[in-house]
Amino acid sequence: MKFRNVLTLVLATRVFASCQSNKTTDDPEKLKKVLTGYFEGIANKDFAKMKTLTTDDFMLYEDGAVWNNDSALMNIRRNMPFTVKYKFDNFKIHVDNASGDITYINHADFVFGETNKKSLDWIESATFRKINGEWKMNFLQATLRRP
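Summary of the structure given here. (Residues numbered from 1 in each chain as written. Predicted model: local features only at pLDDT ≥ 70, side-chain atom pairs only at ≥ 80, totals over all residues. Heavy atoms only, no water.)

Now for the sheet that holds strand β5 (residues 116-131). Overall, mixed pairing links the six strands, which are arranged β2-β1-β6-β5-β4-β3 in an open sheet. The sheet is open, and its two borders are formed by β2 (65-67) and β3 (82-95), each paired with just one other strand. The mean angle between the axes of side-by-side strands here comes to 20°, regardless of whether they run parallel or antiparallel. Of the strand pairs in this sheet, β3 and strand β4 (residues 99-112) are connected by twelve bridges, and their pairing is antiparallel. (Pairing = 2+ DSSP bridges. Helix = DSSP H or I, 4+ residues; strand = E, 2+ residues; numbered from the N terminus. Axes fitted to C-alpha atoms, helices over the stretch in contact; angles between N-to-C directions.)

Where β4 meets β5, 14 bridges bridge the pair, whose relative direction is antiparallel. By the bridge assignment, V111 is partnered in β5 with K117. Linking β4 to β5, which pair antiparallel, is a turn of three residues; within it G113 sits at a positive phi near 65°. Here ten bridges tie β5 to strand β6 (residues 134-144), and the two strands are oriented antiparallel to one another.

Counting 30 residues, the largest nonpolar core has L35, Y38, F39, F128, M137 and L140 as the members making the most contacts within it. Only α2 (28-43), α3 (47-52), β1 (54-62), α4 (69-78), β3, β4, β5 and β6 provide two or more residues apiece to this core. It is α2 that contributes the most residues to this core, six residues altogether. For F128, the contacting residues outside a window of four places in its chain are L31, V34, L35, A98, S99, G100, D101, I102, W135, K136, M137 and N138. (Core = buried A, V, L, I, M, F, W, Y, C linked by side-chain atoms within 4.5 Å. Buried < 20%, exposed > 50% of the residue type's maximum accessible area, 1.4 Å probe, protein only. Contact = heavy atoms within 4.5 Å.)

Tracing the backbone through its elements, the reader meets T54 in strand β1. Residue T54 is classed as buried on the basis of its relative accessible area, which comes to 3%. Within the structure, T54 has its side chain in polar contact with the backbone oxygen of M50 (distance 3.2 Å). Within the local environment of T54, its side chain forms a polar contact with the side chain of N69, the two groups lying 2.6 Å apart. Residues in contact with T54, not counting those within four places in the same chain, are Y38, N69, K136 and M137. (Polar contact = N/O pair within 3.5 Å; in protein donor to acceptor, adjacent residues only side chain to side chain.)

Looking now at the environment of F112. Along the polypeptide, F112 turns up in strand β4. Along the primary structure F112 and T83 are separated by 29 residues, whereas in three dimensions their C-alpha atoms are 6.7 Å apart. When sequence neighbours within four positions are dropped, the list of residues in contact with F112 reads N79, P81 and F82.

Turning our attention to the packing of aromatic side chains. How two aromatic rings sit relative to each other is given by the distance of their centres and the angle of their planes. Tallying each qualifying case throughout the model produces 14 aromatic pairs. Ring geometry for F82 against F110: centres 6.0 Å apart, planes inclined by 55°, an arrangement best described as tilted. Here F82, found in strand β3, pairs with F110, found in strand β4; they are 28 residues apart in sequence, far enough to count as distant. Each member of the pair, F82 as well as F110, carries the same accessibility label: buried. With centroids separated by 5.6 Å and ring planes inclined at 10°, the aromatic side chains of F110 and F112 adopt a geometry described as stacked. Classification of F110 by relative accessible area gives buried; the value is 11%. Judged by relative accessible area, F112 falls into the partly exposed class, the value being 27%. Put simply, the rings of Y38, F39, F58, F82, Y86, F88, F91, Y104, F110, F112 and W122 pair up and form one aromatic cluster. A cation over a ring is seen here: K45 above F82, with NZ or CZ 4.2 Å from the ring centre. The residue whose ring lies beneath R77 is F47, and the NZ or CZ to ring-centre distance is 4.4 Å. (Phe/Tyr/Trp six-rings, centres within 6.5 Å; stacked < 30°, edge-to-face > 60°. Lys NZ or Arg CZ within 6 Å of the ring centre and 35° of its normal.)

Scope: geometric values only; no functional claims are made or implied.
This is the structure:
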């Protein structure tokens, strides 16, 4: 009887341990790097970089508008010339080995032309998928933060 209880306990412990080892996660900083790289691409008008950091089916929902990579890039080109500096805070990141998401606040300081300055804040969230071992952003949602 004791042997059976000990054997059951040992087997249960092994099953529990094997389940725990399958719950691997990737480094959350990798998702932040993709996200900030995407916004660096916007700031530097590096459209190739923006595309390499997103999936082919990337979607952006921004304050009621729906964009894909091509339409977002067209909108950026339409509003040129401008400069922008982004600052992010309040990151909350969840990641496993194949997908992840981030919520954060995005602060942007724009300058259009020579003197037209505008500062905006967004409440944003992004989702990511690992494709061929690399993290890509597949969805970005941005809502203008109002006082």
